[in-house]
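Read off the chains here:
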Amino acid sequence: MRKLALIVFIYAALSAAAATPYFKVIDAPDVSIQPNTTITLPITIQNIGGDGAYARLVFRGLPPGISVSNVTRARWVYPGGRMTFNVNLSAGDVPPANHTIEVGIAAKGSPPNYRSFHLIVENVSEESVIAEEEMAGEHPETNNVSHGAERQIPAASAMWSLLAVAAAHIMRSRRQH
């Protein structure tokens, strides 16, 4: 009789544990940001429990001048389901530094679960300004090249590609004979 009562008690305890939500942060990538900018940070969570629940993100260790938005709205996550939150991460006028921030999940019935990610506040320098100008289409290294030479370079690489394909075809046909 005692064994039967013990089995029923263990089964009830396991059933109750399986019916609660349990959330885990699956992905929180490391990011780089420059002062006075905003980036979008995708954070993915998963409900590995046996019951669905509303979940929202919480952050610990945000340094002064760094703020997050799009995290207050809770979303329903089914058992076994995944959800990606696109969080806006904004940096004010902050000095360059490396920070470790923790992101967790607030959900009724789920134990706390946090995951760390690194936030690198980059220094705005002349190099980054030059890189932005180059991305805008200003390439000083190609300004000294004549227009005829610019057209010949892609043609030469296309010719080498055709020769490589032809050589591979000839070698394949020789192996088959």
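### With respect to the overall build of the protein
And step 1. If you tally the helices and strands in the protein, you get 3 helices and 9 strands.
And step 2. Looking at the protein as a whole, 24% of its 177 residues are labelled buried.
And step 3. In the protein, once contacts between residues fewer than 6 apart in sequence are set aside, the share between residues at least 24 apart is 68%.
And step 4. By element, 59% of the accessible surface of the protein is carried by carbon and sulfur atoms, the whole surface being about 12,400 Å².

### Section: the confidence of the model for the protein
And step 1. The share of residues in the protein with pLDDT of 70 or more is 63%, and the mean pLDDT across the chain is 77.
And step 2. Here residues 11–17 is modelled with pLDDT under 50, and outside its nearest four sequence neighbours on either side it reaches 0 contacts, counting other chains as well.
And step 3. Predicted confidence is poor over residues 139–156, with pLDDT under 50, and the contacts of this stretch with residues over four places away or in other chains come to 4 contacts.

### Description of the pairing of strand E3 (residues 37–47)
And step 1. Bridge count between strand E1 (residues 23–27) and E3: 4 bridges; the pairing is antiparallel. Across the sheet, the residue bridging to aspartate 27 is threonine 44, located in E3.
And step 2. The pairing of E3 with strand E7 (residues 82–91) spans 10 bridges and is antiparallel. The partner of isoleucine 39 across the bridge, within E7, is leucine 89.

### What to know about a nonpolar patch on the surface
And step 1. On the surface, a cluster of nonpolar side chains totalling about 390 Å² of accessible area is made up of Tyr54, Trp76 and Tyr78.
And step 2. Here tyrosine 78 is to be found in the loop between strand E6 (75–77) and E7.

### Here's the deal with the pattern of salt bridges
And step 1. Evaluated as defined, the whole model comprises 1 salt bridge.
And step 2. Ionic pairing is found between arginine 60 and glutamate 102, a salt bridge with its closest N-O pair at 2.8 Å. With arginine 60 in strand E4 (residues 53–60) and glutamate 102 in strand E8 (residues 97–107), this residue pair connects regions lying 42 residues apart in the sequence.

### So, the sheet that holds E3
And step 1. Read across the open sheet, the 4 strands follow the order E1-E3-E7-E5; overall the sheet is antiparallel. Two strands in the sheet have a free side with no partner beyond their single neighbour: E1 and strand E5 (66–69). Across the sheet, the axes of successive neighbouring strands diverge by a mean angle of 35°, strand direction being ignored.

### As for the environment of glycine 81
And step 1. Topologically, glycine 81 is positioned in the loop between E6 and E7.
And step 2. Glycine 81 gets classed as buried once you look at its relative accessible area, which sits at 18%.
And step 3. Linking glycine 81 and glycine 49, residues 32 residues apart in sequence, is a C-alpha distance of 9.5 Å.
And step 4. With residues near it in sequence (within four places) discarded, glycine 81 still touches Ile45, Gln46 and Asn47.

### Focus: the side chain of serine 110
And step 1. In this fold, serine 110 is placed in the loop between E8 and strand E9 (114–121).
And step 2. Among the polar contacts made by the side chain of serine 110, one reaches the main-chain amide nitrogen of phenylalanine 23 at a distance of 3.0 Å.
And step 3. If we skip the residues at most four places from it in the chain, serine 110 touches Pro21, Tyr22 and Phe23.

### Overview of the sheet that holds strand E2 (residues 31–33)
And step 1. Within the open sheet, the 5 strands sit side by side as E2-E9-E8-E4-E6. Their pairing is mixed. With partners counted over all chains shown, the strands left at the sheet margins are E2 and E6, one partner each. Taking each pair of neighbouring strands and ignoring which way they run, the sheet shows an average axis angle of 40°.
And step 2. Relative to E9, E2 runs parallel, the two sharing 3 bridges. Directly across from serine 32, in E9, lies its bridge partner isoleucine 120.

Here is what the cut-offs are and how they apply
- Residues numbered from 1 in each chain as written.
- Predicted model: local features only at pLDDT ≥ 70, side-chain atom pairs only at ≥ 80, totals over all residues.
- Heavy atoms only, no water.
- Helix = DSSP H or I, 4+ residues; strand = E, 2+ residues; numbered from the N terminus.
- Buried < 20%, exposed > 50% of the residue type's maximum accessible area, 1.4 Å probe, protein only.
- Contact = heavy atoms within 4.5 Å.
- Areas by Shrake-Rupley, 256 points an atom, 1.4 Å probe, with all protein chains shown as cover.
- pLDDT = per-residue confidence, 0-100.
- Pairing = 2+ DSSP bridges.
- Patch = residues over 30% accessible without salt bridge, like charges linked within 9 Å, V, L, I, M, F, W, Y side chains within 5 Å.
- Salt bridge = Lys/Arg side-chain N within 4 Å of Asp/Glu carboxyl O.
- Axes fitted to C-alpha atoms, helices over the stretch in contact; angles between N-to-C directions.
- Polar contact = N/O pair within 3.5 Å; in protein donor to acceptor, adjacent residues only side chain to side chain.

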